[in-house]
Amino acid sequence: MGKIILTGDRPTGKLHIGHYVGSLRRRVELQNSGEFDEIFIMIADAQALTDNADNPEKVRQNIIEVALDYLACGLDPKKCTLFIQSQIAELTELSFYYMNLVTVSRLQRNPTVKSEITMRNFETSIPVGFFTYPISQAADITAFKATTVPVGEDQEPMIEQTREIVRKFNSVYGDALVEPDILLPDNKACLRLPGTDGKAKMSKSLGNCIYLSDSEEDVKKKVMSMFTDPNHLQVSDPGEIEGNTVFTYLDAFCKKEDFEKYLPEYKNLDELKDHYKRGGLGDVKVKRFLNSILQAELEPIRKRRKEYEAQIPYVFQILKEGSIKASEKAAATLKDVKEAMKINYFDDLELIEEQAKKYQSQE
């Protein structure tokens, strides 16, 4: 069995640097590693509609934004398959069969679902599609027989639920599905990058995101206004590193060579942190250092995005071809599933012959 990756994003807006350090950067590395036989990357528009059913245009318009961000970050359609979830009809059918393997109480216990419901203020008015999206996510993963799913730590409960569904299906019907492994970012700071205001999560509605497509001026403005240590009022004051958003971003983005380029008076990040904690190092200097690092990281991404923005029909063609390939893969899995469940009636020649003999003997 080959090594296969499945991952993706909901098209509800442009992607930000939280997406980048949480998964996008790693996807490009995995794509270029040569370690995997197939890589499927999904724009999860059907999942996005579960809590945007009254605003489908938002999802529709953001398909291209996510695709552009993918390509700008270096995802290569020659090395991976980029596709749109709603174009793969087999995923819906798989979800329907998996629903019989999961109880309502189990869905209610899923920590990710619980937190998302609270965040969206659904309470008792939860759309059924949204409530069951751990099941549809299991269909997404298993349809491509993914062995590895690179995600952020907030998705761990979702992957575990997929594994439960796979084990239940295989125990009831026989081994037809592949149980996936989760692949988390290897840098703790990348597990969940906070918003620029220090809030736990980047959110478009909170206005605390740095987008991959932001201009150089916008990035600088956002960095210079970032939350730090509220008690670090003067340069001479000792500062706190814990909970300081600027240092969290440095943990996620900073490399040793960045000091040689932008801040040669320090050897590494530990030295910078020690100075800040002792006092005598101002927030502005640290923010300028972070800005230099982010600009260097984002500049090639902005440049590639501009190139693809001039080729929108080509980008849609990439998505179309990827969706056709993804559908073929999912169809093969659906065939295996229906055969295991013994609902492949018209292909089951043994069943047809058995039934024919049964009724012939009654004559």
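Residues numbered from 1 in each chain as written. Predicted model: local features only at pLDDT ≥ 70, side-chain atom pairs only at ≥ 80, totals over all residues. Heavy atoms only, no water.

Per an unreviewed UniProt entry, the protein chain is named Tryptophan--tRNA ligase, and its organism is Lacrimispora algidixylanolytica. Taken verbatim from the UniProt record of the protein chain, the Catalytic activity (unreviewed entry) comment is "tRNA(Trp) + L-tryptophan + ATP = L-tryptophyl-tRNA(Trp) + AMP + diphosphate + H(+)". (UniProt positions renumbered as here; feature names shortened; annotations may be inferred.)

Observations concerning the domain arrangement of the protein chain
On domain assignment, one finds that the protein chain holds domain 1 (4–192 + 312–353) and domain 2 (214–308). Look at where the C-alpha atoms of domain 1 and domain 2 centre, and you get two points 34 Å apart. Across the contact, 18 residues belong to domain 1 and twelve residues belong to domain 2. Together, the buried faces of domain 1 and domain 2 total about 1,300 Å²; carbon and sulfur atoms form 61% of this surface. At the junction of domain 1 with domain 2, the criterion picks out two salt bridges. Arg305 is the partner of Asp69 in a salt bridge, and the nearest nitrogen-oxygen pair spans 2.8 Å. The interface formed by domain 1 and domain 2 contains five residue pairs in polar contact (both at pLDDT 80 or more). Where the side of domain 1 that touches domain 2 is concerned, the elements lending two or more residues are helix H1 (17–33), helix H3 (56–73) and helix H15 (312–341). For the side of domain 1 that touches domain 2, the class distribution of residues is twelve nonpolar, two polar and four charged. (Domains from an automatic or database assignment. Contact = heavy atoms within 4.5 Å. Buried area = accessible area lost by both parts, 1.4 Å probe. Salt bridge = Lys/Arg side-chain N within 4 Å of Asp/Glu carboxyl O. Polar contact = N/O pair within 3.5 Å; in protein donor to acceptor, adjacent residues only side chain to side chain. Helix = DSSP H or I, 4+ residues; strand = E, 2+ residues; numbered from the N terminus. Nonpolar A, V, L, I, M, F, W, Y, C, P; charged D, E, K, R; others polar.)

So, the pairing of strand E3 (residues 81–84)
What you see with E3 is no split at all: Thr81 and Phe83 on one side and Leu82 and Ile84 on the other are buried throughout. For strand E2 (residues 38–43) and E3, the ladder comprises four bridges, and the chain directions are parallel. When the sheet's bridge partners are listed, Phe40 is paired in E3 with Thr81. (Buried < 20%, exposed > 50% of the residue type's maximum accessible area, 1.4 Å probe, protein only. Pairing = 2+ DSSP bridges.)

A look at the packing of H3 against H15
As a packed pair, H3 and H15 sit with axes 11 Å apart at the nearest point and diverge in direction by 90°. Comparing their axes, H15 and H3 come out roughly perpendicular. Between H3 and H15, the residues in contact are Ile63, Ile64, Ala67, Leu68 and Leu71 and Ile312, Val315, Phe316, Ile318 and Leu319, respectively. (Axes fitted to C-alpha atoms, helices over the stretch in contact; angles between N-to-C directions. Parallel < 35°, antiparallel > 145°, perpendicular 65-115°, else oblique.)

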